[in-house]
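Inside the fold
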Amino acid sequence: MFAAPVLAVIALVFVLPTLLALGLSVTDYSIYALADWSNLRVVGFGNFTDLLATPLFWRALGNTAVFAALGVPMAIGTSLFAALLLNDATVRWKPFWRVALFAPYVTGIVATAVVWRFLLNTRFGLLNWLLAQIGVAPVDWLGDPRWSIPAILLFVTWKVFGYNMIVFTAALATVPQDLMEAARLDGAGAWTRFRHVTLPAIGPTLLLATVLSVAGFLQLFAEPYVMTLGGPSQSTVTILYFMFDEGFKWWNLGQASTVAFVLLLLILSLTLIQTRIGRRYEWL
């Protein structure tokens, strides 16, 4: 009885939309069906075969893979490094630094993305101004396909690392200090203590942060939408961006539901793989 309200909410906001999206993915539901339901036809796996034959889908899938492959280590590594620094006994004003580093995570993503567009501007951006001080030519961060993904990754890492930092900070507080002191007395260096004492202790937290980060980077949308509109040359079109265009630009809602279902399967598969790795290291 106590769990029933929570289960009802989960069924309403997750299970039901998922089933409806799956149902729409086997239809040609579009703006014409919105006007008249008699125009709705069941096409079976036609949307899936059309999707696999769409070059932009594969481009979006590749871009999303690059975002996830580079962004997850960047976000996890940065947040863990910051948490280790804040956990050091010699650091003063710890509450201030935690709030300052966590602040980007709770700021509005559209507002901060617009600010970063100005920071990365080719002509008067702060980053190019700093590069000019050391004799480096200006870089077209958001207009060059070679730099668009790194520029967005830099912004996303700055935006999201504060959440994992707080989680890691809490996990580091549970590391057994007697084991840490014993390792120090045995002559273990900082890296050895981290590898053999700290890392096993925070393993479950690291696994959780990785699962959430992978799912987050696979669902990247607002950042490329605000900063580059998927450009230049479709270099920052992600799976979610492609789904948005299909559903709300071209009103091909059946195809968009197919993309959503494929994304769900992708996230579920990667989560299962990470879970198996976690069980192997006894983090679950």
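Parameters at a glance
Residues numbered from 1 in each chain as written. Predicted model: local features only at pLDDT ≥ 70, side-chain atom pairs only at ≥ 80, totals over all residues. Heavy atoms only, no water. UniProt positions renumbered as here; feature names shortened; annotations may be inferred. Helix = DSSP H or I, 4+ residues; strand = E, 2+ residues; numbered from the N terminus. Phe/Tyr/Trp six-rings, centres within 6.5 Å; stacked < 30°, edge-to-face > 60°. Buried < 20%, exposed > 50% of the residue type's maximum accessible area, 1.4 Å probe, protein only.

An unreviewed UniProt entry annotates the protein chain as Multiple sugar transport system permease protein originating from Sphingomonas endophytica. Recorded in UniProt under Subcellular location (unreviewed entry), the annotation for the protein chain is "Cell membrane". On record in UniProt, under Sequence similarities (unreviewed entry), the comment for the protein chain is "Belongs to the binding-protein-dependent transport system permease family."

The residues that UniProt annotates with the feature "transmembrane region" (unreviewed entry) are residues 65-87, 99-119, 151-176, 197-222 and 250-273. In residues 65-87, the share of helix is 100% and the share of strand is 0%. The end C-alpha atoms are 33 Å apart. From the first C-alpha to the last, residues 151-176 spans 39 Å; its make-up is 85% helix and 0% strand.

In this section: the packing of aromatic side chains. Tallied over the entire structure, the rule returns 20 aromatic pairs. Look at Phe48 and Phe261: their rings are 6.3 Å apart centre to centre, the planes differ by 80°, and that puts the pair in the edge-to-face class. Here Phe48 is found in helix α3 (residues 46-52), whereas its partner Phe261 is found in helix α14 (residues 253-280), with 213 residues between them in sequence. Since its relative accessible area comes to 18%, Phe48 is described here as buried. Between Phe221 and Tyr225 the ring centres are 5.2 Å apart and the planes differ by 25°, which places this aromatic pair in the stacked class. Using a relative accessible area of 34% as the deciding quantity, one classes Tyr225 as partly exposed. Grouped by ring-pair contacts, the aromatic residues Phe221, Tyr225, Tyr241, Phe244, Phe248 and Trp251 constitute a single cluster.

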